[in-house]
Amino acid sequence: MKKIIVACGSGVATSQTVASKVSRLLKDRKVDAYVEAVDLKSVDRYMDSSVAYITITKTTKEYPIPVINGIAFLTGMGQEAELQKLIDIVNS
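Since we're looking at a predicted model, the values are computed, not measured.

A. Focus on the pairing of strand E3 (residues 52-55). Here E3 shows two buried faces, one formed by Ala52 and Ile54 and the other by Tyr53 and Thr55. Inspection of the sheet shows strand E1 (residues 2-8) paired to E3 by four bridges, in the parallel sense. Opposite Ile5, over in E3, you have Tyr53 as the bridge partner.

Now the structure itself:
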């Protein structure tokens, strides 16, 4: 099963909310993936084992995996586009 990580500053509130929502949205679309919330300081440790990184904060750092805009899942604005990107990544 492919893993997606979600990170905010502490890895507790916002990232957990987004991880739960993304997990539900993927399940509703029958996309098999594990979504895990982590704290921002731990993100680099998960790069090798994950297919995508959903970020809640703005980032200018380059990552070896695709970065998805997590704010879209909080606000709903642009959510479908970001979700489709994520589905395409998981299914590739």
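B. Molecular detail of the packing of helix H1 (residues 14-28) against helix H4 (residues 79-91). At their nearest, the axes of H1 and H4 sit 11 Å apart, and the two run at 70° to each other. Classified by the interaxial angle, the pair formed by H1 and H4 is roughly perpendicular. Both H1 and H4 take part in a crossing whose hand is right-handed. Touching Lys21, Val22, Leu25 and Leu26 of H1 are Gln79, Leu83, Leu86 and Ile87, all from H4. When grouped by side-chain class, the residues that make up the contact of H1 with H4 number six nonpolar, one polar and one charged.

C. Representation of H1 in the model. In this model H1 runs 21 Å from its N-terminal to its C-terminal C-alpha over 15 residues, within 8% of the 21 Å that 1.5 Å per residue would give. Here H1 has its buried residues at Ser15, Val18, Ala19, Val22, Leu25 and Leu26. Looking straight down H1, one finds that the buried residues subtend no more than 135° of arc, so they occupy a single side. Residues of H1 that are exposed and point over 90 degrees away from its buried face: Lys27 and Asp28. Trailing H1 by a residue or two, Lys30 shows a phi angle of about 60°, which is positive.

D. Inspection of H4 at higher detail. With 13 residues, H4 extends 18 Å between its outermost C-alpha atoms, agreeing within 8% with the 18 Å of an ideal straight helix rising 1.5 Å per residue. Looking at H4, one finds that the buried residues are Gln79, Glu82, Leu83, Leu86, Ile87, Ile89 and Val90. Buried positions in H4, seen along its axis, are confined to an arc of 160° and lie on one side of it.

E. Looking closely at the environment of Ser49. When you line up the elements, Ser49 lands in the loop between helix H2 (43-46) and E3. By relative accessible area, which is 42% here, Ser49 ends up partly exposed. Separated by 47 residues in sequence, Ser49 and Lys2 place their C-alpha atoms 8.3 Å apart.

F. Main features of the sheet that holds E1. Pairing is parallel across the open sheet formed by four strands, whose spatial order is E2-E1-E3-E4. Each edge of the open sheet is held by one strand with a lone partner, namely strand E2 (33-39) and strand E4 (67-69). Within this sheet the neighbouring strands show an average axis-to-axis angle of 30°, counted without direction. Where E1 and E2 come together, seven bridges link them in parallel fashion. Following the sheet pairing, Ile5 is matched in E2 by Glu36. Running at roughly 175° to E2, H1 makes contact with E1, E2 and E3 of the sheet.

Quick notes on the rules
Residues numbered from 1 in each chain as written. Predicted model: local features only at pLDDT ≥ 70, side-chain atom pairs only at ≥ 80, totals over all residues. Heavy atoms only, no water. Buried < 20%, exposed > 50% of the residue type's maximum accessible area, 1.4 Å probe, protein only. Helix = DSSP H or I, 4+ residues; strand = E, 2+ residues; numbered from the N terminus. Pairing = 2+ DSSP bridges. Axes fitted to C-alpha atoms, helices over the stretch in contact; angles between N-to-C directions. Parallel < 35°, antiparallel > 145°, perpendicular 65-115°, else oblique. Left-handed = near helix turned anticlockwise from the far one by under 90°. Contact = heavy atoms within 4.5 Å. Nonpolar A, V, L, I, M, F, W, Y, C, P; charged D, E, K, R; others polar. Expected span 1.5 Å × (residues − 1). Arc of directions from axis to C-beta.

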